[in-house]
Amino acid sequence: MSSSNSAKKKGPGHWSTGLLTSMEDPEMRVDEDDQCVTIKDKYPKARYHFLVLPKEKINSLKNLNGDNVELLKHIQFKGQEIADKADKHLLFRFGYHAVPSMGHLHLHVISQDFNSPCLKTKKHWNSFTTEYFIDSERIIKQLEKKGRIEIDTSSSETLLKKDLQCHICSKKLSTIPALKSHIALHCVSRKKST
Ligand code: AMP
Ligand code: ZN
């Protein structure tokens, strides 16, 4: 497919622009200020799963420069705020996917119980529990240091195919149902995961 063709196919209405539609949807929007909007993830992979998006048109991490450091810090702050509101005792992570599927920059705010019927595949699991998920703090540090974000995507596909492994005790499990039964035994609180 030529790049102009691909751009056309990803225009308004294409599934990959769905986050923009959800940003405008009062049913999906949970918070808003002058710089960003927080929405519920439509297919949550944990008990609490939100996305924080800038209002400014920024497609992905690749489009950021040194001037965006404060914006990214603000996005993370808003993420922490919504996590505290949801459950201030539960452990959350705040980060970005190395290779996002959806257009428009979005920070994942996800509780670490991963207790959700929408979490169905190895790809889902590995996208939130391997290095495919990059913590917001790391992204901000890199942007401060280099003025741009460089992500080595050469191992991304391999990461998504990794064997299933518990994110808390590293136990290997052979199926998603077995993994889900196992992680339900862990207590995922901010003080200490056991
Ligand atoms: P990523 O792989 O970082 O692009 O993740 C995109 C996220 O957006 C996934 O967690 C999806 O469940 C979520 N998602 C997909 N479509 C929508 C939508 N229309 N509104 C809200 N969230 C969505
Ligand atoms: Zn475990």
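Right, let's walk through the structure included here. Predicted, not measured: the structure shown is a model, and the values here were computed from it.

For a metal bound by four donors in tetrahedral geometry, the ideal donor-metal-donor angle is 109.5 degrees, whereas six donors in octahedral geometry ideally sit at 90 or 180 degrees. Around the zinc ion (ligand 2), the protein contributes the donor atoms C166 (SG), C169 (SG), H182 (NE2) and H186 (NE2), at 2.0 to 2.3 Å from the metal centre. One can describe the donor arrangement at the zinc ion (ligand 2) as tetrahedral, given that its four donor atoms subtend angles of 102 to 121° at the metal. Here C166 falls in the buried class, since its relative accessible area comes to 4%. On the accessibility criterion, H186 (16% relative accessible area) is buried.

What follows concerns the nonpolar core. Within the largest apolar cluster, 29 residues are counted, with the highest numbers of intra-cluster contacts made by L64, L72, I75, Y96 and V109. Those elements that provide at least two residues to this core are β3 (49-54), α3 (69-86), β4 (92-97), β5 (107-111), α5 (136-146) and α6 (156-160). Considering every element that reaches this core, the biggest residue donor is α3, with six residues. Setting aside chain neighbours within four positions, we find L64 in contact with I58, L72, L105, L143, G147, R148 and I149. In this structure, A46, F128, L173 and I183 belong to the second largest nonpolar core, which totals 13 residues.

Using the criterion set out here, one finds 11 salt bridges in the structure. For D31, the salt bridge is made with K78, and the minimal N-O distance between the two is 3.1 Å. Here K78 lies in helix α3 and D31 lies in strand β1 (residues 29-32), a separation of 47 residues in the sequence. Accessibility expressed as a relative area gives 19% for D31, which makes it buried. Where K73 meets E144, a salt bridge forms, and the shortest distance between an N and an O atom there is 2.9 Å.

How each quantity is defined
- Residues numbered from 1 in each chain as written.
- Chains lettered and ligands numbered in written order.
- Predicted model: local features only at pLDDT ≥ 70, side-chain atom pairs only at ≥ 80, totals over all residues.
- Heavy atoms only, no water.
- Donors = N, O, S within 2.8 Å, 3.2 Å for Na, K, Ca; no water.
- Tetrahedral: all angles 85-135°; square planar, octahedral: opposite > 155°, others 65-115°.
- Buried < 20%, exposed > 50% of the residue type's maximum accessible area, 1.4 Å probe, protein only.
- Core = buried A, V, L, I, M, F, W, Y, C linked by side-chain atoms within 4.5 Å.
- Helix = DSSP H or I, 4+ residues; strand = E, 2+ residues; numbered from the N terminus.
- Contact = heavy atoms within 4.5 Å.
- Salt bridge = Lys/Arg side-chain N within 4 Å of Asp/Glu carboxyl O.

Distances and angles like these do not, on their own, reveal function.
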